[in-house]
Amino acid sequence: MRSLFGKKHKDHAASSSSSGLHKKPTGGKVFGTALIDVCEREKTEIPQVATEVMEYLDKNGLKVEGIFRIPGNSIQIQQLQDYYDCTSDVLTIDTVDDVHAVACVLKQYLRDLPDPLLTHRFYDTFIAIMKNPDYDYRISNIKKLITALPPAHKSLLQHLFSFLLRVAAQSDVNKMTFPNLAIVFGPNLLRPRHESMLRMIEDARHVNSLIKLLLEEYEFLIMGTTDKPKNSALYKKPDPTPAPASAPVVAAAGSAPGSAPSTPKGPSTNPAIAGGRAHTHRRRAFKFDPADLSTQTFTEDESVDPGEKEARVDSPARPRRAVGGAAATASIGLAPSKRISAIGVILMTPEMEQEVKEFDLARPLQHAMSLLNVDRQKCARGADCSTMNPLQLKAEKAAVKRILRNFDVSFKEKHGHLPTKADKEPLRPLYQQYRELTQIIDNTVAPPVPARATGPKPSVVDEQQKLLRKEKRQLQLFLHKYQEEFIARNGRKVQYLEDRLPVQREYDRYKELKLQLADGD
C-alpha cells in the first residue's frame, strides 16, 4: 500500500510542478512567527503555507486512513518547513510524496504559532465555559469569544474548520471522526500562555470538547451563517412566564458594573424558560463585553498578566490559576488536603515557579550556590560531603539536581530553547559536584541490615510505607498518562530529555520513592 500511495503522490507532484500551480514562498520565516505578521507580509487572508497544505490534503489526503494521526517522514516534514521559511527548496509542496508529512506540517505550523489560534488570553475563559453543564450557556458564550478573536485568527479558524469538516465527512475511510480530530488538534489550537503539563492534562477533556463543539456547530459558532445552533434549546419558542429573580442573566455589552442587568433582546437563555434542561445550581452573569474585546490589540509580548484584562466567567466552576491545590491534586487522585513540598507530585508549586522566575541568569553560579546554601541550612546539612551520612548525600544530590533543572527551565523561558553546553559552562563546578556526589553515593557501602524482629512492625512504620507506596502508585499513573498524551500528540514515545522536562520533577520523585521503598524492604 505504501508504494501505491507513493506512486500516486509522485504523479500528482509531477503534474503540479509542471503546471506551476504554486508560487515559491518569499518574505522570510513563517513557522514560529505571529499569524498577523505573516498575513500582513504576504498580503493574504491566511498564510500561504496553510492554503497550500490544505489544498494538497483536499486532493490527496481525505481518504487516507489515519490522516493527522499517523506521523509522517521527519526529513520531509523538516524540508517542507525549510521551504516555507525560505531557507531551502530541496522539497516543495509540488514534489512531496508523503501525505502524512504534509499533514504533520499543518499541525506543526499551528503548534508553533506564538499565540495559538484561539489565543492565550481566552484560555481560562474557554475552559471555564466548557466546565458549565448547561449547553445553552456554553454555546452562547463561546460564540461571543469567537466573535472577539483577532481578524487573522478568525479567518484561519474558518478555513481550517471548513477543511476539517471535509476530512470528517470521509471518516468511514480515514477514521478521523469529530472526537478524533478534536484530540489531535485541541492542544495545537488552545493552550495557556504559561504551559504546565499537569494543567494541560487536567484541561485536555475540556479543550477536546470545545473543538468538537466548534466542529458540530461550525455554521453557528464560526461562520455565523445560521440563526440558531443545531442541538440547543436556546432558540426554541420561549415561555412568556417571567424568569425568577435568581435566574442567571447574560450581562449586556457595555453595562456598568453593579448596575441592574438590562432585559436581553430575543429569547431568554434561562433553561426553565427556553424549554431546556433544568439545573439546580446557580449560574452567574458572564462578565465581559465582546465589543471591548474586539477592539483590543492582541500582541504576543503583552506585559499585562493574561488574567488581568481577559474575558472572565464568574461562576462556581471558575478554574484556579495556580497549579497547586485541590484542582491539581484531584487530577491524579490525591486528597485535596495533601500537599507535597520540594520535589513532589505537583508539577510546579508556587515556590518552584518563584525559584525559576527569580533565577539570576547573569550570575548563575553565585545564584545557584546561594540556593544550595539555603537548602543546607533548612536541612541542617553541612557543606563538606565527607561528613555527610548517606541520607544527607542523597539530599545534597537532589538539591543540586533541582537547581540545575531550574536553570534549564529559566533559561528556556527567557531564550525559547534549552541551554547549550557553552551556556552551561558557568555552572561547571556545580555539575562537577553533582558527578562527585553520584560517585560517592554509588561507592558507599550500605550498612548491614539488622535482623528483623519476629513480631509485627510498629504501626507508624507500616503507615509510612503505605503512604509511600500510594504516592508511588499515583506518580506511576500520572507518568503513564503523560506518556499516552505525548504519544497521541507527537506520534512517538518520550525519548529525549526535552520530552521529559515538563514532568522531570515527578520522574525524580518517583525514582526517589523507589529507592526509599527498596531501603525500607
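Residues numbered from 1 in each chain as written. Predicted model: local features only at pLDDT ≥ 70, side-chain atom pairs only at ≥ 80, totals over all residues. Heavy atoms only, no water.

Q: Outline the overall build of the chain, listing residues and values.
A: Along the chain, the regular secondary structure elements total 23 helices and zero strands. The proportion of buried residues among the 521 residues of the chain is 44%. Across the chain, every contact between residues at least 6 apart in sequence was considered, and the portion connecting residues at least 24 apart equals 73%. Element-wise, carbon and sulfur atoms account for 54% of the exposed surface of the chain, whose accessible area totals about 27,400 Å². (Helix = DSSP H or I, 4+ residues; strand = E, 2+ residues; numbered from the N terminus. Buried < 20%, exposed > 50% of the residue type's maximum accessible area, 1.4 Å probe, protein only. Contact = heavy atoms within 4.5 Å. Areas by Shrake-Rupley, 256 points an atom, 1.4 Å probe, with all protein chains shown as cover.)

Q: Describe the pattern of salt bridges, listing the residues and the values that go with them.
A: What the rule picks out here adds up to 16 salt bridges. Note that E425 is salt-bridged to R428, the shortest N-O span being 2.7 Å. The class of R428 is partly exposed, set by a relative accessible area of 45%. Of the charged contacts, one joins R509 and E512 as a salt bridge, the two residues approaching to 3.1 Å between their closest N and O atoms. (Salt bridge = Lys/Arg side-chain N within 4 Å of Asp/Glu carboxyl O.)

Q: Tell me what's going on with the confidence of the model for the chain, and back it up with residues and numbers.
A: Of the residues in the chain, 69% have a pLDDT of 70 or more, and the chain-wide mean is 74. Helix 16 (residues 326-330) is the least confidently modelled element of the chain, averaging 36 in pLDDT, while helix 8 (residues 151-169) averages 95, the highest of any element. Segment residues 1-20 is flagged for pLDDT under 50; beyond a separation of four residues in sequence, or across chains, it makes 21 contacts in the model. A low-confidence stretch, residues 236-347 stays under pLDDT 50, and its non-local contacts, those more than four residues away or across chains, total 170 contacts. (pLDDT = per-residue confidence, 0-100.)

Q: An account of the side chain of E42 is requested, with residue identities and associated values reported.
A: Along the chain, E42 falls in helix 2 (residues 35-42). Although buried, E42 forms no salt bridge, and the nearest oppositely charged side chain, R41, lies 4.8 Å from it. Each residue touching E42, except ones within four places of it in the same chain, is listed here: V30, P47 and Q48. (Lys, Arg positive; Asp, Glu negative; His and termini not counted.)

Q: Give me the packing of aromatic side chains: which residues, what numbers.
A: Taken as a whole, this structure holds eight aromatic pairs when the rule is applied. An angle of 45° between the planes, with centres 6.0 Å apart, marks the rings of F407 and F411 as tilted. On the criterion of helical spacing, the pair formed by F407 and F411 is a turn pair, its members being four residues apart in helix 19 (residues 390-415). A centroid spacing of 6.2 Å and a plane angle of 45° characterise the contact between Y482 and F486, whose relative ring orientation is tilted. (Phe/Tyr/Trp six-rings, centres within 6.5 Å; stacked < 30°, edge-to-face > 60°.)

Q: Can you tell me about unusual backbone geometry, naming the residues and giving the values?
A: Phi at K43 is positive, roughly 55°, even though this residue is not glycine. Residue classification places K43 among the exposed residues on the basis of a relative accessible area of 75%. The phi angle at F68 is positive, at roughly 75°, despite the residue not being glycine. Mapped onto the secondary structure, F68 falls in the loop between helix 3 (48-60) and helix 4 (74-84). Residue class for F68 comes out buried when judged on its relative accessible area of 1%.

Q: Describe the environment of R193, with residues and values.
A: Following the sequence through the fold, R193 ends up in the loop between helix 10 (178-189) and helix 11 (197-216). The exposure class of R193 is partly exposed, given its relative accessible area of 22%. Sequence spacing of R193 and P116 is 77 residues, and the spatial spacing of their C-alpha atoms is 9.2 Å.

Q: Break down the packing of helix 3 against helix 5 (residues 99-112) for me, with residues and values.
A: Running from N to C, helix 3 and helix 5 cross one another at 145°; their axes reach a closest spacing of 10 Å. For the crossing formed where helix 3 meets helix 5, the hand is left-handed. Residue-level inspection shows V49, V53, M54, Y56, L57 and N60 of helix 3 in contact with helix 5, the latter providing V99, V102, A103, V105, L106 and Y109. Looking at side-chain class alone, the contact of helix 3 with helix 5 contains 11 nonpolar, one polar and no charged residues. (Axes fitted to C-alpha atoms, helices over the stretch in contact; angles between N-to-C directions. Left-handed = near helix turned anticlockwise from the far one by under 90°. Nonpolar A, V, L, I, M, F, W, Y, C, P; charged D, E, K, R; others polar.)

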